[in-house]
Amino acid sequence: MHPLRKQRLIMVSLVVVLSSAAIGLVAFALRDNINLFYPPADVIAGKAPTDRSIRLGGMVVENSIVRSDTDLNTIFWVTDYEASVAVQYSGILPDLFAEGEGVVAEGTLDESGMLIATQVLAKHDENYMPPEVAAALEGKTAPAGASMLP
Amino acid sequence: MIPELGHVALIIAFVLSIGLAALPMWGSVRSSTSLMNLAPTLAVGVTTFVAVAFALLTVSFLQDDFSVAVVAANSNSLLPPIFKFSAVWGNHEGSLLLWVLILSGWMSAVAMFSRGLPLVMVARVLSVMGMVAVGFLAFSLLTSNPFERLLPNVPADGNDLNPLLQDPGLIIHPPLLYMGYVGLSVPFAFAIAALLGGRLDASWARWSRPWTNVAWGFLSLGIMLGSWWAYYELGWGGWWFWDPVENASFMPWLMGTALVHSLAVTEKRGVFRSWTVLLAIFAFSLSLLGTFLVRSGVLTSVHAFAADPERGLFILIFLALVVGGSLLLYALRAPAVASRVSYTAVSRESLLMINNLVFTVATVIVLLGTLFPLVMDAFSLGKYSVGPPYFNAVFVPLMALVMPFMTIGPLSRWREDSTARWLHELMVPCLGVLVVALVLAFLGKDGFNLWIALAVLLAGWVLLGVVKDLWRRLSGAPDGRLRWRTLNPSFLGMTLAHTGFAAVVVGAVVVTQLNEERDLRMAVGDVEELGGYRFELLSLGQQPGPNYLADQATFEVSHEGQVFAILVPEKRRYFASGQIMTEAAIDASLWRDLYIALGEPIGENAWAVRLQYKPMVRWLWLGALMIGFGALITALDRRYRSQVARHAVPDTGALGVAG
């Protein structure tokens, strides 16, 4: 074979092998590591899977945070003003986690419908709302007296 | 008055940049020397007026002029002056102005240090950069004017800077990162200029290379600082989150890594030319994509200052124009500049091609993971998030794949080499490293750790290649003396960067594998053991700061009965915003960090506390520093200066543009 062609052949096969390996890895990794986002209404309606990790987003219900006095367990409710889901988390909550503020919790649902969270994300500053939460709340109104809509 | 002057200066800079984008380019078409000669002057003019605008915005911040919307939203009279200064770019409008300032700074640097280049080349390069400047100045003026006033309702005091950004790391992180981000516009402009001229030869690569290395070096340093900041400021001790915004800066870096290596081949051997041009285009496009992701508010992030669809759309259109335009030009012109030089499968060229392939694939993978949720959302197919497990699963094997070749690359010969020679050179080091890796992996207290063994093996392999290469250059003189002169800046820079890469790998794997973390409730007098260290909570107290009040916990840390550190983590409450901020306390050393962060108070006299023991975490940033400085050093090489030296420019060479 002509050396230049041989060289091209080697190069092309290298590219093919490497990119198929990469695609295989990507497909494998994406399969288990994508989390879908659900607002509380969807969770209550049974649309969320219970066998894998999901992301739940909405507002923390006022007066719903219950902290343990002896360890780091915390239970709170997340709402989109249509339905509410309880979340249990053991660990340190982010600085801007508070009642009446937007939050995204990641974890799996247990049999009773409570989300056992492995991670809780709050917004980064006073004026900011996580886009997913903003979208989930769009068009829904807060009960009278609450002024927490974006 | 000052903000209005700033606005006028920005408009003048905009008009000048239009001139820069059009006139020299037209001159290069018409072969008009006088038009082309305008390029450097116009470039310096743009820089001057952008700098004036930036300075005036800074004055507004320092003078607490709360009639300016940006100042009112991001500063406060109680804010310490140094943070008033960094608040200038701690917001969307100001950071965009910084972007333009740094872009024009690079333009002026090119204008100053490229006097040895053919006039038509300089004119085209500056013109292309001028076009980019037009886009961003228009963006700033039309959608994000930093000088907008809040008249007549001037607030009495400002909203304060986001407390997360009130940190010394944030004073230098954005400028450094932007130096890298925006610096990639220089190789891009060189690539476009070369395509326009149809002249893609080794000398083009030699002109472009120092700029690329310097930009890539700054990008490395900027990313490193961002990682370090996240580690100590976010309060949970992570150093890389695969957050979309991190990825936004990481993708140009990965592409830039491929570009830096590909340029080496193009300069030395004249091959890979079209590929190099393509990489330069992609690297800058990814910079723009990063700017879009970060600035449009499509991402949940500390960097997303405000969501405004108009702004996002503007950058998206600009991105489409730049990518579409340059790829069209590439399609039209690239075949005309194909090379006729050949090389064999066993050669340095092939090894560098493997580097290019791996880093390109890595970029695509990160791009996929970053854009997947956005694309799914845009087509209403659901709201997804792609987390760290995905990135780790694909990225780590790729890096492991490239490391074996990193050792052979610098030792191999251009054009044609033999595997027998590689074996001869590397057999002994290879066995040595294998033994060391096995021994080290058994030393850990939990017995054998496969991942650490692999990391030490690969890093040691890279390091031995570096040492072998160093020795080969130094020895071999007939009189037995060491040949120090063979160690030119290019070689030293590469050596430093490769060593740094090995350090990053070891640090990343060790801290991931041996990290110990505990979240727990601690009351005064409580003691906790972690990683062989004893933490005792001595007392709780309060301490006022300039614009906040801090709850403090005082910890005594001891090791084998010896008290060696008092750590005082804080929980701050900022007055203006009422925002709460965690300030972690860290005892740092080369071999381990001890990290304490406060959660929230639990009952009387007790706090939720996060204790962490992080072995070798410093290696990550030290390694990244070495990579960054290694890249900067290469630009000092004599051969990049040769054309410039004739014009009696001071000795600083291309590195001088850093300022």
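Computed from a predicted model, the values in this text were never measured in an experiment.

**Q** In this structure, what is going on with the overall build of chain A? I would like to understand it.
**A** If you tally the helices and strands in chain A, you get 3 helices and 7 strands. Helices and strands in chain A line up, N terminus first, as α-β-α-β-β-β-β-β-β-α. A burial count over chain A gives 45% of its 150 residues as buried. Within chain A, contacts between residues at least 6 apart in sequence are counted, and of these 52% link residues at least 24 apart. Taken as a whole, chain A presents about 7,800 Å² of accessible surface, with 57% of it coming from carbon and sulfur.

**Q** It is not clear to me how the pattern of salt bridges should be interpreted in this structure. Could you clarify?
**A** Residue and element names in this part refer to chain B. Taken as a whole and judged by the stated rule, the model has 19 salt bridges over all chains. Across the pair Arg149 and Glu4 runs a salt bridge, and its minimum N-O distance is 2.7 Å. In this pair, Arg149 sits in the loop between helix H6 (119-143) and helix H7 (169-183) while Glu4 sits in helix H1 (residues 2-30), placing the two residues 145 residues apart along the sequence. By relative accessible area, Arg149 is classed as partly exposed at 24%. Among the ionic pairs, Asp519 bridges to Arg610, the shortest N-O distance being 3.0 Å. On the criterion of sequence distance, the pair formed by Asp519 in strand E2 (residues 516-523) and Arg610 in strand E11 (residues 606-615) is long-range, its members being 91 residues apart. Assessed through its relative accessible area of 27%, Asp519 is described here as partly exposed. Look at the salt bridges and you will find they share partners, linking Glu4, Asp65 and Arg149 into a network.

**Q** For this particular structure, what's the right way to read the nonpolar core?
**A** Considering soluble globular proteins, one finds that nonpolar side chains tend to be buried as a cluster. Formed by 179 residues in total, the largest nonpolar core has its most connected members in B:Trp99 and B:Trp106. Among the nonpolar cores identified, the runner-up in size contains 22 residues, and A:Phe76, A:Val85, A:Val87 and A:Ala117 belong to it.

**Q** Help me out: how do you make sense of the interface of chain B and chain A in this one?
**A** In many reports, interface size means the accessible area that the parts give up when they come together. Contact with chain B, which involves 48 residues of that partner, is made by 37 residues of chain A. Approximately 3,600 Å² of surface area, both sides summed, lies buried where chain B meets chain A, with 66% of it carried by carbon and sulfur atoms. Linking chain B to chain A there are 2 salt bridges. The tally of links between chain B and chain A comes to 4 residue pairs in polar contact (both at pLDDT 80 or more). At the level of secondary structure, the elements contributing two or more residues to the side of chain B that touches chain A comprise helix H13 (348-378), strand E1 (384-386), helix H14 (388-411), E2, strand E8 (580-583), strand E10 (592-601) and E11 of chain B.

**Q** I tried to follow the environment of B:Thr407 on my own but got confused; where do I start?
**A** Residues and elements named next belong to chain B. If you trace the backbone, Thr407 turns up in helix H14. C-alpha of Thr407 to C-alpha of Gly460: the two residues are 53 residues apart in sequence and 9.7 Å apart in space. When sequence neighbours within four positions are dropped, the list of residues in contact with Thr407 reads Leu426, Trp461, Val462 and Gly465.

**Q** Just to check I follow, could you spell out the packing of aromatic side chains for this structure?
**A** Two descriptors summarise a pair of aromatic rings, namely the distance from one centre to the other and the angle between the planes of the rings. Residues and elements named next belong to chain B. Applying the stated rule across the entire model yields 26 aromatic pairs over all chains. On the basis of an interplanar angle of 15 degrees and a centroid distance of 6.4 Å, the ring pair of Tyr178 and Tyr181 is categorised as stacked. Remark: Tyr181 and Tyr178 occur in helix H7; sequence separation between them is 3 residues, near one turn of the helix. Of the two residues, Tyr178 and Tyr181, neither departs from the other in class, the shared state being buried. Site record: aromatic cluster; members linked through ring pairs are Trp216, Trp240, Trp242, Phe250, Trp253, Tyr390, Phe391 and Phe395. For Arg348, the ring lying beneath its charged end belongs to Trp414, and the centroid distance is 4.9 Å. The ring of Phe491 has Arg473 sitting right over it, with the charged end atom 4.0 Å from the ring centre.

Thresholds applied
Residues numbered from 1 in each chain as written. Chains lettered and ligands numbered in written order. Predicted model: local features only at pLDDT ≥ 70, side-chain atom pairs only at ≥ 80, totals over all residues. Heavy atoms only, no water. Helix = DSSP H or I, 4+ residues; strand = E, 2+ residues; numbered from the N terminus. Buried < 20%, exposed > 50% of the residue type's maximum accessible area, 1.4 Å probe, protein only. Contact = heavy atoms within 4.5 Å. Areas by Shrake-Rupley, 256 points an atom, 1.4 Å probe, with all protein chains shown as cover. Salt bridge = Lys/Arg side-chain N within 4 Å of Asp/Glu carboxyl O. Core = buried A, V, L, I, M, F, W, Y, C linked by side-chain atoms within 4.5 Å. Buried area = accessible area lost by both parts, 1.4 Å probe. Polar contact = N/O pair within 3.5 Å; in protein donor to acceptor, adjacent residues only side chain to side chain. Phe/Tyr/Trp six-rings, centres within 6.5 Å; stacked < 30°, edge-to-face > 60°. Lys NZ or Arg CZ within 6 Å of the ring centre and 35° of its normal.

These figures come from the coordinates and say nothing about function on their own.
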